[in-house]
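Structural description and commentary
Spelled out from the first residue to the last, the chains are:
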Amino acid sequence: MLEQLDQIEKDALAALETVKDSAALSAWKSAHIGRSSPLSVFLGDLGKLPAEERPQAGKRGNEIKRALESAFGTREASLQASELERSLQSDKLDISLPGRPAKRGRLHPSSQVLRKIYSVWADMGFQIYRSRNVESDEYNFTLLNIPPHHPARDMWDTFYTTDPKVLLRTHTSPGQIHAMREFAPEPVRVILPGMCFRYEQITARSEIQFHQVEGLAVGPGITFANLKATLSDFARRMWGENVGARFRADHFPFTEPSLELDIECFVCGGKGCPVCKYGGWLEILGAGMVHPTVLRNGGYDPKVFSGFAFGMGPERISMLRHGIEDIRNFWANDLRFLEQF
Ligand code: FA5
């Protein structure tokens, strides 16, 4: 009986010596330690042996089982190592081949000009203040000195929601109130970038959705001269020392006095074209001294504090920088346009 076991072990180990690959190894496993292998059959039939032989036969059978399992493990590891070695030899990786180039994306022209604007204002000490796109009627109009039924509401008509008090903001100016209410009575110097929406005719220079960058500075003793100097400095930093710029008197209900800043039309060089409405100048921003009512609504005492505010359109600025003739290109998602920037 013990000789039979020794023979089983001998045969199995001899067969293992001839195994050359993992398929043969797996066949060896089921033949020699699998459920119907001679060893398993032997161990399964232990009960049929005379009682006095059983302990010794069981002990020896289990010893052989462990020995064969261990020999299998060793063989498996050495086969895996030699298979890896073989594949490293045959499938050599040529790291000198150039990689597949990754397709690089690019920033949208609006994002590019926004970043330029942020950096110019950051250099002048203005921090970015984020404000919401969906606004209340109160912030978009009333707190900016545009009460219900004020005619200026027509100029800034917007998209309304089913809730009459909730609308898409027409300008970034409501952000002024949020910023003032957060910082008052401390002085504040921020820019407020974001998307605006208007219910108006789409033309070469007007969209129903566009960015604005608002600016706000409030503190004791800020003057109209400070506003003009700051905007002139902005224009020089943005377009260079020789930029053609002019201030024009204007009216906004939330600033008094108010002005607009125009830049000489880049597309036609001032001769007149559809982009500048044949005037030779392109309106870049509206600005003015913050109206006392608005200062009060923001939490500042207008007898102590004064300030200026401005709101500019980055898409118009981008048109100016790149000679873009139609604002509709910005949201048309046409790669032929976008890939030029
Ligand atoms: C305003 O929206 C004021 N809130 C600006 C302001 C802020 C004045 C603070 C005073 C103090 P206006 O409607 O002019 O003003 O818009 C400002 C700028 O946004 C314009 O100069 C223009 O560059 C841009 N803009 C206005 N409407 C459109 C439009 N439909 N499409 C693209 N850009 C526009």
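Every chain is numbered on its own, with residues counted from 1 as its sequence reads. Given that this is a predicted model, residues contribute local features only at a pLDDT of at least 70 and side-chain atom pairs are listed and counted only at 80 or more, while totals for whole chains, interfaces and linings are drawn from all residues. With hydrogens and water set aside, each side-chain value is computed from the structure's full complement of heavy atoms.

Notes on the pairing of strand 5 (residues 209-219)
Going by this rule: Any residue under 20% of the maximum accessible area for its type is buried, any over 50% is exposed, and the rest in between are partly exposed; the area is computed with a 1.4 Å probe on protein chains only. Numbering of helices and strands runs from the N terminus, with a helix taken as a DSSP run of H or I at least four residues long and a strand as a DSSP run of E at least two residues long. A pair of strands is treated as paired once DSSP finds two or more bridges between them.
With 10 of 11 residues buried, strand 5 is to be regarded as a mostly interior element. In terms of strand pairing, strand 4 (residues 188-197) meets strand 5 through 10 bridges, oriented antiparallel. Residue pairing in the sheet places C196 in a bridge with F210 of strand 5. Across seven bridges, strand 5 lies against strand 9 (residues 306-312) in antiparallel orientation. Bridged to V213 within strand 9 is M312.

Brief notes about the site of the ligand
Rules: One heavy atom suffices: a residue is near a molecule or strand as soon as one of its heavy atoms comes within 4 Å of it. Polar contacts here mean pairs of N or O atoms no more than 3.5 Å apart (in protein, one a potential hydrogen donor and the other a potential acceptor; neighbouring residues in sequence count only if both atoms are side-chain atoms). The accessible surface values rely on the Shrake-Rupley method and a 1.4 Å probe; as for residues, cover is taken only from the protein chains in view.
For the ligand, the set of nearby residues contains 27 residues, the closest of which are S173, R198, E200, E207 and E283. Between a nitrogen atom of the ligand and a side-chain N or O atom of H171, the distance comes to 2.9 Å. Separating a nitrogen atom of the ligand from a backbone N or O atom of E207 is a distance of 2.8 Å. Out of a free accessible area of 670 Å², the ligand has 96% covered by protein chains.

Thoughts on the nonpolar core
Among soluble globular proteins, nonpolar side chains are generally buried collectively. Cut-off, in case you're wondering: Grouping buried Ala, Val, Leu, Ile, Met, Phe, Trp, Tyr and Cys residues that are joined through side-chain atoms within 4.5 Å yields what is termed a nonpolar core. In this description, contact between two residues means that some pair of their heavy atoms is separated by no more than 4.5 Å.
If you look at the biggest cluster of nonpolar residues, it comprises 43 residues, and the most contacted ones within it are I117, W121, L231, L285, F308, F310 and M312. Broken down by secondary-structure element, the contributors of at least two residues to this core are helix 5 (109-123), strand 5, helix 9 (224-239), strand 7 (255-264), strand 8 (281-290), strand 9, helix 11 (314-322) and helix 12 (335-338). Sequence-distant contacts of W121, defined by excluding residues within four places in its chain, comprise F126, I191, T230, L231, F234, F310 and M312. Counting 25 residues, the second largest nonpolar core, distinct from the first, contains L143, I177, M180 and V218.

Topic: the sheet that holds strand 8
Where we set the bar: As a rule, the C-alpha atoms of each element are fitted with a line to give its axis, helices using only the stretch in contact, and angles between N-to-C directions run from 0 to 180 degrees.
Strand order in this open sheet of seven strands is 1-4-5-9-8-7-6, and the pairing throughout is mixed. Pairing within the sheet leaves two strands with one partner each, and these edge strands are strand 1 (127-128) and strand 6 (245-252). Of the pairings in the sheet, the one linking strand 1 to strand 4 comprises two bridges and is parallel in character. Within strand 4, the position partnered with Q127 by the bridge is V190. Sheet strands in contact with helix 5 are strand 1, strand 4, strand 5 and strand 9, and its direction is about 10° off that of strand 5.

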